[in-house]
Amino acid sequence: MPSTVRFSHVTRRYGPVAVLDDVSFDLTPGITALLGPNGAGKTTLLGLLSTASRADEGEITVLGHRTDGPLAERTEIRRRLGFLPQEVRFPAGMTAFGFLDYIAVLKEWDDTSARHAEVRRVLALVGLDDRPTIKVRKLSGGQRRRLAFAQSLIGDPDLLILDEPTTGLDPEQRATFRATLSERARAGTVLLATHQTEDVAAVCDRVIVLVGGRVAHDGDVAGFVASARDRVWLHDRPVADAVATWRDPAGGVRSVGGTPPTGAQAAPPTVEDAYLLLVGPAAVEGAA
Amino acid sequence: MTAAESLPIATVAEPARPAWVELARIEVRRYLGRPAFLIGLALTYAALLPYLDGDEPTDELSMIAPAALLGMVGISVSAHRVWASDRCAEAAGPTPVVQASRTIGHLAACLVPFLAGLGFVLVTLLRARSVPTVRGGYAEVMSDAWVAAVWLALGAVSCLGGPVLGVVVARKTKRAAAPIVTTVGLVVAVIVFQGLFEPLRRVRVVLPWTYWGGPFGVDGDPQRSVVLSGSPGWWLAYVLVLCAIGAVVAVRADVEARTARSRSALFVLAGLAVVAVVLAMFTGTAETIVSPVPGGALSEGG
């Protein structure tokens with residue numbers, strides 16, 4: 001399967017600090033999760049991928065075009081790109097429809113009737129088609145997040161980059177989001193940066209974990225979860241040297257990592273367990 | 001073979017027309033709907049009412065209405081329109097339509113207050129032409145061309161310059177108070193450079209709004225009218241060039257629009273502005289003239 005995106009030995013520095021350090025990976029159609037602790041370089045990576053910024057070293061190609069090429073080449077990438085930033089500040093006086101309509105113009109939908117039809121389509125995809133004329137400021141936090149997601153779907157882009165898309169969504173909205181995303185992934189490539197490991201398990205085919213600006217893991221989700229097999233324990237008390245422990249809904253205490261005490265039961269691992277096992281020690285070192 | 005060559009090249013058809021055309025249409029419509037603009041428009045034309053029925057003389061003081069209510073208000077209107085569109089653009093991340101195109105759309109919307117101000121000036125000029133007895137102050141002694149240049153600059157170009165300045169301000173800073181601070185700063189500068197102070201009379205034309213005469217008074221006669229030195233024709237050209245400079249500066253705020261061509265345009269415009277303002281200072285009426293004076297004694301220009 002041809003690569004949609006290719007990161008090749010990419011380094012990005014802010015001053016003397018390498019926020020991304022020699023990062024390489026390819027993306028193919030499907031949904032890839034991008035996990036990592038705060039400050040791992042996820043948002044920087046998405047900025048490079050979306051042509052918002054440039055790498056100091058290495059090469060990034062998207063759909064065959066270099067992100068550090070001339071404006072015409074970057075424009076070709078932007079025509080095929082949908083991007084949902086982590087934080088969206090909405091203009092105060094606009095309606096939901098007006099907001100999406102304006103962004104559609106920025107995505108070169110210059111035919112008014114076709115543009116309006118596209119806006120209605122993406123509003124329906126996120127379940128806001130019954131409220132097109134409502135002012136954005138009157139929408140709830142979850143509705144605003146869905147509206148922001150809607151703009152990224154305009155034009156059915158070949159590459160969809162989503163930064164924390166489910167923040168602020170209630171469980172029902174999150175389920176709808178997952179269904180929309182799964183449908184979308186049949187035709188294109190999606191990179192989903194998130195802290196919601198349940199979303200990764202639910203919709204992603206592959207997971208990349210960034211730690212300290214480097215790729216700490218790159219593989220399919222099943223393999224990632226399997227890396228935590230026999231390292232997650234259920235017991236009546238926490239495992240002393242565990243990376244993390246919390247109360248299990250089924251009763252007892254769930255411990256991730258550490259040396260199991262006598263009587264501890266191995267529990268089926270999750271994406272979150274695998275992530276904590278991978279990142280936990282690094283996070284502790286980073287805090288020291 | 002490079003990595004780029006090993007990947008499939010994807011291209012999308014170019015849009016039928018430049019994006020700024022559609023953006024201009026949208027921004028013109030939105031400017032027309034701004035309450036601040038509509039209130040300013042209503043008050044500006046309401047200021048004409050006392051003149052339409054009666055023999056009240058018109059002078060450049062009449063031009064304060066469009067300059068303040070459409071021009072200065074336009075600084076804030078434009079700046080907030082730019083910031084609103086910036087928020088939309090930020091929500092979408094990088095898009096094929098770049099910031100410079102959006103800026104051109106906003107600059108096109110500046111024609112809305114300009115045309116409103118132009119209408120005001122044309123009505124005033126037509127009235128002064130058709131009813132000569134109502135020409136007041138310097139309009140009584142100066143030529144039609146001289147009066148038209150002053151009024152067009154003060155009453156119409158100011159309605160273009162204010163909103164263009166608003167676009168520039170919004171492109172240079174995100175501080176919410178910036179449009180108000182700019183407006184207040186401009187008012188203070190105009191007061192200082194209005195021509196009241198003798199040492200500043202010749203250089204007053206560097207400002208985008210200044211007086212060319214009025215009842216400034218002289219020793220022993222505080223109501224005496226004065227015509228200030230300089231060429232309003234060249235000054236009109238100067239303020240138009242300032243608007244063009246503002247437009248180029250605003251477009252060049254987008255790093256992707258900083259082409260050699262736009263830089264050359266900026267240098268050429270800056271050169272034209274210097275030439276025009278120097279000619280506005282040193283041609284036309286040679287000295288400050290205190291009325292009443294015989295019209296033939298005036299050295300008019302521009």
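These numbers were taken from a predicted model, which means no experiment stands behind them.

Criteria and cut-off values
- Counting restarts for each chain: residues are numbered from 1 in the order of the written sequence.
- As they are written, the chains are lettered A onward and the ligands numbered 1 onward, keeping that order.
- For this predicted model, a pLDDT threshold of at least 70 governs which residues receive local features, and a threshold of 80 or more governs which side-chain atom pairs are given and counted, while totals over whole chains, interfaces and linings are taken from all residues.
- Pairing between two strands requires that DSSP report at least two bridges joining them.
- We count a stretch as a helix when DSSP gives it H or I for four or more residues in a row; a strand needs E for two or more, and each element gets its number in order from the N terminus.
- Three exposure classes are used, all based on how many other C-beta atoms lie within 10 Å of a residue's own C-beta (placed from the backbone): buried at 20 or more, exposed at 12 or fewer, and partly exposed between those limits.
- For every residue pair, C-beta atoms are placed from the backbone, and the pair is scored as a contact if these atoms sit within 7 Å.
- Fitting a line to C-alpha atoms yields each axis, with helices limited to the stretch in contact; the angle taken between N-to-C directions then spans 0 to 180 degrees.
- Angles below 35 degrees are treated as roughly parallel, those above 145 as roughly antiparallel, those between 65 and 115 as roughly perpendicular, and all remaining angles as oblique.
- The hand of a helix crossing depends on one turn: near helix anticlockwise from the far one by less than a right angle means left-handed, and clockwise means right-handed.
- Throughout this entry, Asp, Glu, Lys and Arg are counted as charged residues, while Ala, Val, Leu, Ile, Met, Phe, Trp, Tyr, Cys and Pro are counted as nonpolar. The remaining residues, Gly among them, count as polar.
- Nonpolar cores are identified as sets of buried Ala, Val, Leu, Ile, Met, Phe, Trp, Tyr and Cys residues joined via C-beta atoms within 7 Å.
- In predicted models, pLDDT denotes the confidence assigned by the predictor to each residue on a 0 to 100 scale.
- In this analysis, the expected span of each helix is defined as 1.5 Å times one less than the number of residues it contains.
- Each direction from the helix axis to a C-beta atom contributes to the arc, which is the arc of those directions.

Details of the pairing of strand β10 (residues 214-220) of chain A
Sheet analysis places strand β9 (residues 206-211) of chain A next to β10 of chain A, joined by 6 bridges and oriented antiparallel. In the strand pairing of β10 of chain A, Arg206 of chain A is matched with Asp220 of chain A.

With respect to the environment of Val251 of chain B
All names here are of chain B. Counting through the fold element by element, Val251 comes out in helix α9 (residues 232-251). Judged by local crowding, Val251 falls into the buried class, with 25 C-beta atoms found within 10 Å. Separated by 11 residues in the primary sequence, Val251 and Ser262 place their C-alpha atoms 8.7 Å from one another. Sequence-distant contacts of Val251, defined by excluding residues within four places in its chain, comprise Ala100, Thr103, Ile104, Ala257 and Ser262.

With respect to the environment of Ala189 of chain B
Residues and elements named next belong to chain B. Along the chain, Ala189 falls in helix α8 (residues 178-192). C-beta crowding within 10 Å serves as the criterion here: with 15 such atoms nearby, Ala189 is assigned to the partly exposed category. Through-space distance from the C-alpha of Ala189 to that of Thr210 is 9.4 Å; in sequence the pair is 21 residues apart.

Let's talk about the packing of helix α1 (residues 19-32) of chain B against helix α5 (residues 99-109) of chain B
Residue and element names in this part refer to chain B. Where α1 contacts α5, the axes come no closer than 7 Å and their chain directions differ by 45°. Compared by their axis directions, α1 and α5 come out oblique. Note that α1 runs across α5; the crossing there is right-handed. Across the interface between the two elements, Ala19, Trp20, Leu23, Ala24, Ile26, Glu27, Val28 and Tyr31 from α1 touch Ser101, Arg102, Ile104, Gly105, His106, Ala108 and Ala109 from α5. Grouping the amino acids of the contact of α1 with α5 by side-chain chemistry returns 10 nonpolar, 3 polar and 2 charged.

Things to note about the pairing of β9 of chain A
On a regular strand, one side chain projects to one face of the sheet and the next to the other, so that they alternate. Among the 6 residues that make up β9 of chain A, 6 are buried, leaving the element largely enclosed by the rest of the structure. A loop of 2 residues connects β9 of chain A with β10 of chain A, the two strands running antiparallel in sequence, and Gly212 of chain A in this loop sits at a positive phi of about 60°.

Considerations on the nonpolar core
By size, the foremost hydrophobic cluster in this structure holds 170 residues, and its most contacted members are Phe99, Leu100, Ile103 and Ala150 of chain A together with Tyr238 of chain B. For this core, the element with the most residues is helix α7 (residues 144-172) of chain B, which contributes 19 residues. Contact partners of Ala150 of chain A, with chain neighbours within four places excluded, come to Leu100, Val122, Leu123, Leu125, Val126 and Leu128 of chain A.

A short note on the interface of chain B and chain A
The interface is formed by 29 residues belonging to chain B together with 35 residues belonging to chain A. Among the secondary structure elements, those contributing two or more residues to the side of chain B that touches chain A are α1 and α4 (64-92) of chain B. Of the residues forming the side of chain B that touches chain A, the biggest block, 8 residues, is contributed by α4 of chain B. In the side of chain B that touches chain A, the residues fall into 20 nonpolar, 4 polar and 5 charged.

A few points about the sheet that holds strand β2 (residues 226-227) of chain B
Backbone-to-backbone hydrogen bonds pair the strands of a sheet. The strands run either parallel or antiparallel. Residues and elements named next belong to chain B. Within the open sheet, the 3 strands sit side by side as β1-β2-β3. Their pairing is antiparallel. Looking along the sheet, the strands with just one partner apiece sit at the ends: β1 (213-214) and β3 (289-290). Across 2 bridges, β1 lies against β2 in antiparallel orientation. What sits directly across from Gly214, in β2, is Val226.

So, the environment of Val17 of chain A
Residues and elements named next belong to chain A. The residue Val17 is located in strand β2 (residues 17-27) in this model. Here Val17 falls in the exposed class, since 9 other C-beta atoms lie within 10 Å of it. C-alpha separation for the pair Val17 and Gly213, spaced 196 residues apart in sequence, amounts to 9.9 Å.

Topic: the packing of α4 of chain B against α8 of chain B
Residues and elements named next belong to chain B. Close contact between α4 and α8 brings their axes to 9 Å; oriented N to C, the two are set at 160°. With respect to their mutual orientation, α4 and α8 come out roughly antiparallel. The crossing of α4 and α8 is right-handed. For the pair formed by α4 and α8, the contact residues are Met72, Ile75, Ser76 and Ala79 on the first element and Ala178, Pro179, Ile180, Thr182 and Thr183 on the second. Per-class residue counts for the contact of α4 with α8 are 6 nonpolar, 3 polar and no charged.

Here we look at helix α3 (residues 96-106) of chain A
Of all 11 residues in α3 of chain A, 10 are buried, a share of seventy percent or more. For α3 of chain A, the set of buried residues is Ala96, Phe97, Phe99, Leu100, Asp101, Tyr102, Ile103, Ala104, Val105 and Leu106 of chain A. The elements touched by buried residues of α3 of chain A are α4 (112-125) and α5 (141-153) of chain A together with α1 and α4 of chain B. Glu108 of chain A sits one or two residues past α3 of chain A and shows a positive phi near 70°.

Observations regarding unusual backbone geometry
Here His9 of chain A, not a glycine, exhibits a phi torsion of approximately 50°, which is positive. Counting through the fold element by element, His9 of chain A comes out in strand β1 (residues 5-14).

Here we look at the confidence of the model for chain A
Taken over all residues, the pLDDT of chain A has a mean of 89, while the share at 70 or more is 97%. Below pLDDT 50 for its whole length, residues 283-288 of chain A participates in 1 contact with residues either more than four positions away or in separate chains.

Some remarks on α8 of chain B
Residue and element names in this part refer to chain B. Taking 1.5 Å per residue as the helical rise, α8 with its 15 residues ought to reach 21 Å, and the 21 Å between its terminal C-alpha atoms agrees with that figure. When α8 is considered as a whole, its buried residues turn out to be Pro179, Thr182 and Thr183. In a view along the axis of α8, the buried residues occupy a sector of 100°, so they form one face of it. Opposite its buried face, α8 presents the exposed residues Val184, Gly185, Val188 and Ile191, each directed more than 90 degrees away. Packed against the buried residues of α8 are α4 and α7.

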